[in-house]
Amino acid sequence: DDDSGDGIGVATKTRSKVKRPGLYRVLLLNDDYTPMEFVIAVLQQVFNKNQDEAVSITMHVHNHGVGECGIFPYEVAETKVTQVMDAAKRNQHPLQCVMEKQ
Ligand code: TYC
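Residues numbered from 1 in each chain as written. Predicted model: local features only at pLDDT ≥ 70, side-chain atom pairs only at ≥ 80, totals over all residues. Heavy atoms only, no water.

Enquirer: So, the side chain of T34: which residues are in play, and what are the values?
Expert: Positionally, T34 belongs in the loop between β1 (23-29) and α1 (36-47). Using a relative accessible area of 13% as the deciding quantity, one classes T34 as buried. Of note is the side chain of T34, whose polar atom sits 3.3 Å from the backbone nitrogen of L95. With near-sequence residues (within four places) excluded, T34 lies in contact with V39, H93, P94 and L95. (Helix = DSSP H or I, 4+ residues; strand = E, 2+ residues; numbered from the N terminus. Buried < 20%, exposed > 50% of the residue type's maximum accessible area, 1.4 Å probe, protein only. Polar contact = N/O pair within 3.5 Å; in protein donor to acceptor, adjacent residues only side chain to side chain. Contact = heavy atoms within 4.5 Å.)

Rendered as structure tokens:
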């Protein structure tokens, strides 16, 4: 700043700390015990997939070991992971759902 107008001042610059959300990929993991129908229902209820999309993702996970349910801001991804893990636990299925920074 140069309040006195003498040409001397401390250089200061305001930093606009913009909070970008940061996106996270939510993944379902395969296991040998969770019924296909349960995974399909979870994909429809938690991730708003239609029947065809839900079946397609379920078969992808079944065949490849892992598959993407969607990409979301951190807090949305965290909520969806919790919803899947809670539903799996309630129904005593070993289904695992994780998130990873995109
Ligand atoms: N592999 C399971 C079965 O054969 C089905 C399954 C699919 C489980 C996707 C988990 O994320 C999963 N019943």
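Enquirer: Provide a residue-level description of the site of the ligand, including the pertinent values.
Expert: Every residue near the ligand is listed here: L29, N30, D31, T34, M36, V39, T58, V61, H62 and L95. The separation between a nitrogen atom of the ligand and a polar side-chain atom of N30 is 2.8 Å. One of the side-chain nitrogen or oxygen atoms of H62 is found 2.9 Å away from a nitrogen atom of the ligand. Elements that contribute at least two residues to the shell around the ligand include exactly α1 and α2 (51-64). The leading source of residues in the shell around the ligand is α2, at 3 residues. Class assignment for the residues of the shell around the ligand results in 5 nonpolar, 4 polar and 1 charged. (Near = heavy atom within 4 Å. Nonpolar A, V, L, I, M, F, W, Y, C, P; charged D, E, K, R; others polar.)

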